[in-house]
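# Analysis of the macromolecular model
Here is how the chains run, residue by residue.
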Amino acid sequence: MSSTFPEIYLIRHGETEWSASGKHTGRTDIPLTAKGEQAARGLADRLKGLTFQAVWSSPSQRAFNTCTLAGFGAAAIRKLDLQEWDYGAYEGVTTKEIVAGRPGWNVFRDGCPGGEQASDVGARADAIIAALRAVAGNVLIFSSAHFLRVLAARWIGLPPDGGEHFVLDTASLSIFGYEHDLTEPVIRRWNQK
């Protein structure tokens, strides 16, 4: 499915110790595991031959190092709006641990005490989308799961909490694009390994 319209390639960072254990990793800046580094290097082959008008990365080392290991670090611009959800009091805590004290909790619906709500993340996603639409060409983005899930929801016109319906694995590739014209944003591929 090739397109004559611009495409946005999204890469979730490679594995970290916290992503492997299910801990919420917002602003804690932890490195990739050896497995995460290997997967990031593997992205180079998957992106080989593609050209991008812009390469953007979250400022986190896990995202930027994934970008660098995939071969795009020299071209990358770090953008604060691409940071992962600020989990506040839930930073470093697993969902299982959170729901033990707060049954039924859902980050997309309930947000995080001392951190962001879905609407906060959605506002950052909207700013990124506005910037994407100003680029005449393909863009490559490196970021984190919950932010990219909200970005996907906003790209296709869903509210920020619509991100709960998308799942992303580490070092996965997704692509946004358009169908018939630039007024019809679509998700062309999702969570490909």
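Presented here is an overview of the structure given in this document. (Residues numbered from 1 in each chain as written. Predicted model: local features only at pLDDT ≥ 70, side-chain atom pairs only at ≥ 80, totals over all residues. Heavy atoms only, no water.)

### Some remarks on the sheet that holds strand β2 (residues 54-57)
- With respect to topology, six strands assemble into an open sheet ordered β3-β2-β4-β1-β5-β6, the strand pairing being mixed. Each of the sheet's edge strands pairs with one partner strand only, and the pair in question is β3 (76-78) and β6 (185-192). Going from strand to strand, the sheet's axes swing by 20° on average, the running direction of each strand aside.
- Relative to β6, strand β5 (residues 173-178) runs antiparallel, the two sharing five bridges. Residue pairing across strands places tyrosine 178 opposite proline 185, the latter belonging to β6. (Pairing = 2+ DSSP bridges. Helix = DSSP H or I, 4+ residues; strand = E, 2+ residues; numbered from the N terminus. Axes fitted to C-alpha atoms, helices over the stretch in contact; angles between N-to-C directions.)

### With respect to the pattern of salt bridges
- Scanning the model with the defined rule gives six salt bridges in all.
- Of the charged contacts in the structure, one is a salt bridge between arginine 109 and aspartate 110, with a shortest N-O distance of 3.0 Å.
- The class for arginine 109 is exposed, based on a relative accessible area of 52%.
- With a relative accessible area of 22%, aspartate 110 lands in the partly exposed category. (Salt bridge = Lys/Arg side-chain N within 4 Å of Asp/Glu carboxyl O. Buried < 20%, exposed > 50% of the residue type's maximum accessible area, 1.4 Å probe, protein only.)

### Quick notes on helix α2 (residues 34-47)
- In this model, α2 (14 residues) spans 21 Å end to end at C-alpha, consistent with the 20 Å of a helix rising 1.5 Å per residue.
- Where α2 is concerned, the buried positions are Gly36, Ala40, Leu43 and Leu47. For α2, the arc enclosing every buried residue in end-on projection is 45°, short of the 170-degree limit, so these residues lie on one face. Every exposed residue of α2 that faces more than 90 degrees away from the buried side is listed here: Ala34, Lys35, Gln38 and Asp45.
- On the buried face of α2, the contacting elements are β1 (8-12), α3 (61-69), β4 (139-143) and β5.
- Two residues or fewer past α2, glycine 49 is found with a positive phi of approximately 85°. (Expected span 1.5 Å × (residues − 1). Arc of directions from axis to C-beta. Contact = heavy atoms within 4.5 Å.)

### Digging into the pairing of β1
- For β1, a buried count of five out of five residues is recorded, marking the element as mostly surrounded by other parts of the structure.
- What you see with β1 is no split at all: Ile8, Leu10 and Arg12 on one side and Tyr9 and Ile11 on the other are buried throughout.
- In this sheet, β5 lies alongside β1 in antiparallel orientation, the contact comprising four bridges. The residue of β5 that forms the bridge with leucine 10 is serine 174.

### Some details on the side chain of histidine 24
- With respect to the helices, strands and loops of the structure, histidine 24 is situated in the loop between α1 (17-21) and α2.
- Assessed through its relative accessible area of 6%, histidine 24 is described here as buried.
- There is a polar contact of 2.6 Å between the side chain of histidine 24 and the backbone oxygen of valine 93.
- Each residue touching histidine 24, except ones within four places of it in the same chain, is listed here: Trp18, Tyr87, Tyr90, Glu91, Gly92, Val93, Thr94, Thr95, Ile98, Trp105 and His146. (Polar contact = N/O pair within 3.5 Å; in protein donor to acceptor, adjacent residues only side chain to side chain.)

### Quick look at the environment of phenylalanine 5
- Its place among the elements puts phenylalanine 5 in the segment before β1.
- By relative accessible area, which is 21% here, phenylalanine 5 ends up partly exposed.
- For phenylalanine 5 and arginine 188, which are 183 residues apart along the polypeptide, the C-alpha to C-alpha distance reads 12 Å.
- Apart from the residues lying within four places of it in its own chain, the contact partners of phenylalanine 5 are Asn138, Tyr178, Glu179, His180, Asp181 and Leu182.

### Let's talk about the nonpolar core
- If you look at the biggest cluster of nonpolar residues, it comprises 34 residues, and the most contacted ones within it are Trp56, Trp85, Ile141 and Leu151.
- Sorting the residues of this core by element identifies β1, β2, α5 (107-110), α6 (118-133), β4, α7 (145-155) and β5 as the ones contributing at least two each.
- For this core, the element with the most residues is α7, which contributes eight residues.
- Each residue touching leucine 151, except ones within four places of it in the same chain, is listed here: Leu10, Ala125, Ile128, Ile129 and Phe176.
- Residues Leu43, Phe52, Val55 and Leu140 belong to the second largest nonpolar core, which totals 16 residues. (Core = buried A, V, L, I, M, F, W, Y, C linked by side-chain atoms within 4.5 Å.)

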